[in-house]
Every structure is written in structure tokens, then in C-alpha cells.
Amino acid sequence: MATFTFIDLFAGLGGFHFALNQLGGKCVFASEIKSDLRKLYEINFPNTPIEGDITSITIDNLPPHDILCAGFPCQPFSQAGKRQGFNDDKDRGNLFDYICDIVKARRPRYIVLENVSNLKGHDEGRTWATIRQKLQALNYEVADPVILSPHQFGVPQHRRRIYIVCENREYGRLNGFTFPKPDNEICDIHSIIDETDKDYIPLKMETRKQLEVWQEFLYNTKKYNGTIPGFPIWAMEFGADYPIEKAPAYLSAEELRGRKGKLGKTIVGLDLDNCLEQLPVYAQTNKNEIFPKWKINYIMQNREFYKKNKFWLDKWLKKVEDFDNSHLKLEWNCGENANPIIEDKIVQFRASGIRVKLPNYSPALNLVGTQIPIFPWVKLPDTISGNKKNQKGRYMTIREAAKLQGMDNISFGNDTFRLPQSRCFEALGNAVNVQVVCKIVSNLLHHE
């Protein structure tokens, strides 16, 4: 198709629009339920009609189109959510049926869908089987879906998503179509960093202090052990000896009192609840009487590490006593041979701990703004010079995050409306990746 038309459902920031527009397509309709994202969509794509809730759209009024694109809600299938699928209590799982209603009425040649990688395996494969069955019942050829990530094509972001492609059998059966094959180009996060960008979030002094303390830990670990452990470091477990044969919530206060809990401090609780509060937060659970094997392994590995390094860890532990629970965990994802320096790595503060990884590609942009990746080595603009110690290190900027999604030229507002910074990161975390979609649709348009 030399020229083609498409519609953009659950449009968000317009990832599909950016991608297909680059390939010569014209968007003739868009739908996005969130009013602030609709306003931004209108700023970026002023010639595209856009409406709100897909359940309120009058299908008969939709213009004909060659390709239907939809990054339909992922929360019902995401590992980070309740994973209720089509039984989602907010009916987000059933929104797929509205896509089918539009397909039935308008019969586009192609359908291109995107969702979280967990979709195919959700509910032991039954969710995907239902989706495929519904599409086939509409007389569409459905390709076996693939899971692709931008980092497989040299784009420095690890973001695994499932892509679904269909063709109306009245036109063909996807003869000759193949999904793009990963070329595994080398990724380098430096390629998207702009050190002149002044619209950034600075690091708090508390964050800098936490990184300094963990840097000391890495230096000493390398010095006295030769390598940095591959298992997650749980400092709360250093010096602890509370029982783990059975979850402590199923023990008595007498069985815990006098033992060592969080950070090796003696448990002195008057009752069970009080005793549990003095344990690491992950050990306070009462969901199961027996801890899962992975948790027991991590606990034992950290206790053994402490015994071997007690001679320097006892002094170090005093520096982390006031850290939040998640800041007492370190995930070193750089391998045992990497230089034990945080400053030249990507850092991410997550609920599971402080994660440090090589500066090749960014973790997937997260819906939670507090998990924005940190670039400790980036020099800050001269305009905010002060303490020399604080002239390096900041969070990824909105513009850099947009580059990771292939939205280099996106506008986040104008004189009358601007999307708040935290909302920008949330929207980017939920956006469709432009680079990957471009490769897929390019193959689709030229498969014959």
C-alpha cells in the first residue's frame, strides 16, 4: 500500500501514530479515555479527530481505514497488576470486545496490537487462546505473536512486549509476512543522554548519601571477597538468626524473643505482633506457613555473607540503620567481573531494592515516577554549580525517556496546556514503542 489510513485506539501519547506516520500512513481517528492525554494528542496531532471512552464511540461514524492499531489496556494481564484478565473488576479486560466490534463493522485489512509480554501465558494460555479465537471468528489470519524489545534492535531500553498482527482473509493470509528478527546491535545508554538538558530532577542529598554508603559496601566486598555476590544483598539479614524453618508469623513470641532480627538487633517484643515488627519486612508475612525456597536461599546466602565479613560489616551497618526497607537491599546486575563503581552505572530505586546495572540499556520505563533511572556520571549544567561534590548525577529527563520510546519530537504541552512532569513519565511508561512498531508494520506493508 503506497499510502494507507489507520486508526489509533487507546492512543496514549500516540506511539502508533508516530510510527505509522513515519511510514506514510494517515491517522483518520483516535480514541483515548484520559482527558489530559487527549489534550496532548491534539497538540501533537492537530489534524486527527480524537474521542474519549471507546465504549461510547458510535462505530457507524468511524471512517474506513486500512489498519486498526491498539495498545489495549495491559493492567488485567500484567504481572505488576492483579492479573485478572477478562475478569478484571474494572472491565478493562472486556475492552478487547469493543476492538472486535469495530473490526466487525469496518473490516480493516490489518490489525496490529500491543500488550505486556505476560499476555500470552496469562491464565495458562487461555487468555491468548480466547483473543486468537475471537479474531479468527471475524475471518482474520492471526500470526503467531512475538515478544520483542527495543534493546534487540540497538535501542537502549529493555522493554519486552507482545505484538499481534492479523490480516483480513478477504485480502490474504499474511503470506510472506515475518516479524522483524532481532539484530542484537550493541546498546549504549549514552546515545540518548543530553547533558545540556536543564529540565531534570536533581538527586536529593539523602539519595547521594545512600549511594555513597553502598559504594563503600561494594569496595569492601571486592577487597575482601574478590567478587560481588550475584544474589540480592539484603542488609536487614546481616546478623539475624530468627527461625526460618517456619514463617515467624506462625511462631510464638517466646520462640522469637531473644533472637536477632532486622540488622542483627535483639528481639525484645512483648507479644508476637511486636516481635514481628522487629524482623525484616519480608519475614513478617503470614501468607504461607513455609517461606518459598527462593526466599530461604536468599536469607541463608546473606547470613553466610555476613559471617564471612562480620569484621567490617558491623561498622558499616551503623551507617544504614535509618535507611528505608527498600534502601537496605542492593541488586548488583553488572556481573562479578564489573568494576565495583556505582558512578558509571545505571541506578534505579525500586520497591525491591536499589538496582545497579551496566550503562548499556535502560530498564523499561515504569508507570511509577519514583523508579526513574539515575545517571550518576552525568555532569550537571553550569548554571546550577555549587558544591563540586554535587555537580554530577541526576535522573533521566523526560526528553531522554521520550527518545527511548522513539518520540524524539513529541511536545508535552503548549502555552495553554502542559502535562505535569510526573504524568509525562507515567504516560511514557505506558506508551507503545515507536521503533519496534515501525519495523513490524514496515514488514507488514511489504510482505507480498
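Refer to the structure presented above.
None of the values given here were measured: they were computed from a predicted structure.

## Considering the overall build of the protein
- A tally of regular secondary structure across the protein gives 11 helices and 14 strands.
- Counting only C-alpha atoms, the protein reaches 75 × 55 × 40 Å along its principal axes.
- In the protein, buried positions account for 52% of the 448 residues.
- Across the protein, contacts joining residues at least 24 apart in sequence account for 68% of those joining residues at least 6 apart.
- Summed over its atoms, the accessible surface of the protein is roughly 21,000 Å², and 46% of this surface lies on carbon and sulfur atoms.
- One way to put it: in the protein the 59 positive side-chain charges average out to a point 4 Å from where the 54 negative ones average out.

## Notes on the packing of helix α3 (residues 95–106) against helix α4 (residues 126–137)
- The contact between α3 and α4 brings their axes to 10 Å, and the two run at 15 degrees. By the angle between their axes, α3 is roughly parallel relative to α4. The hand of the α3/α4 crossing is right-handed. Within the contact between the two elements, α3 uses F96, D97 and C100 and α4 uses I131, K134 and L135.
- When the residues that make up the contact of α3 with α4 are grouped by side-chain class, the tally is 4 nonpolar, no polar and 2 charged.

## Describing the environment of I193
- Summarising the element assignment, I193 is placed in the loop between β8 (161–168) and α5 (205–225).
- Since its relative accessible area comes to 15%, I193 is described here as buried.
- Between the C-alpha atom of I193 and that of F417, which follows or precedes it by 224 residues, the distance is 26 Å.
- With near-sequence residues (within four places) excluded, I193 lies in contact with F375, W377, V378, R394 and E400.

## Section: the side chain of D8
- In this fold, D8 is placed in strand β1 (residues 4–9).
- Despite its burial, D8 remains without a salt bridge, the nearest opposite charge being carried by R38 at 13 Å.
- A polar atom in the side chain of D8 sits 2.8 Å from the side chain of Y41.
- Those residues in contact with D8, other than ones at most four positions away along the chain, are G14, F16, H17, C27, F29, A30, S31, Y41 and C69.

## Re unusual backbone geometry
- Although it is not a glycine, D123 adopts a positive phi angle of roughly 55 degrees.
- Turning to its location among the elements, D123 is positioned in the loop between β5 (110–116) and α4.
- In this structure D123 comes out as partly exposed when scored by relative accessible area, which is 41%.
- In the Ramachandran plot, L263 falls in the positive-phi region, its phi being about 60 degrees despite a non-glycine side chain.
- Take L263: it is sitting in the loop between α6 (253–256) and α7 (272–276).
- The class of L263 is buried, set by a relative accessible area of 11%.

## Focus: the pattern of salt bridges
- All told, the structure shown has 20 salt bridges when counted by the stated rule.
- Measuring nitrogen to oxygen at the nearest pair gives 3.4 Å for the salt bridge that ties E124 to R126.
- Judged by relative accessible area, which is 69%, E124 ranks as exposed.
- When salt bridges that share partners are traced, they join D36, R423 and E426 into one network.

## With respect to the packing of helix α1 (residues 15–22) against helix α11 (residues 434–445)
- One way to put it is that α1 packs onto α11 with a least axis distance of 8 Å and a crossing angle of 45 degrees. Regarding the angle of α1 to α11, the classification is oblique. Considering the relative orientation of α1 and α11, their crossing is right-handed. Each of G15, F16, F18, A19, L20 and Q22 in α1 lies in contact with α11, whose residues at this interface are V434, V437, C438 and V441.
- Tallied by class, the residues present in the contact of α1 with α11 amount to 8 nonpolar, 2 polar and no charged.

## Re the nonpolar core
- Ranked by internal contacts, the top residues of the largest apolar core, which has 110 residues, are L20, I67, W214, F217, F238, Y242 and W316.
- With 8 residues, α11 is the single largest residue contributor to this core.
- Apart from the residues within four sequence positions on either side, W214 is in contact with I233, A235, W316, F323, H327, L328, K329, L330, I342 and I354.
- I57, L113, W128 and I162 belong to the second-largest nonpolar core, a separate cluster that totals 29 residues.

Cut-off values and rules
Residues numbered from 1 in each chain as written. Predicted model: local features only at pLDDT ≥ 70, side-chain atom pairs only at ≥ 80, totals over all residues. Heavy atoms only, no water. Helix = DSSP H or I, 4+ residues; strand = E, 2+ residues; numbered from the N terminus. Buried < 20%, exposed > 50% of the residue type's maximum accessible area, 1.4 Å probe, protein only. Contact = heavy atoms within 4.5 Å. Areas by Shrake-Rupley, 256 points an atom, 1.4 Å probe, with all protein chains shown as cover. Lys, Arg positive; Asp, Glu negative; His and termini not counted. Charge placed at Lys NZ, Arg CZ, Asp CG, Glu CD. Axes fitted to C-alpha atoms, helices over the stretch in contact; angles between N-to-C directions. Parallel < 35°, antiparallel > 145°, perpendicular 65-115°, else oblique. Left-handed = near helix turned anticlockwise from the far one by under 90°. Nonpolar A, V, L, I, M, F, W, Y, C, P; charged D, E, K, R; others polar. Salt bridge = Lys/Arg side-chain N within 4 Å of Asp/Glu carboxyl O. Polar contact = N/O pair within 3.5 Å; in protein donor to acceptor, adjacent residues only side chain to side chain. Core = buried A, V, L, I, M, F, W, Y, C linked by side-chain atoms within 4.5 Å.

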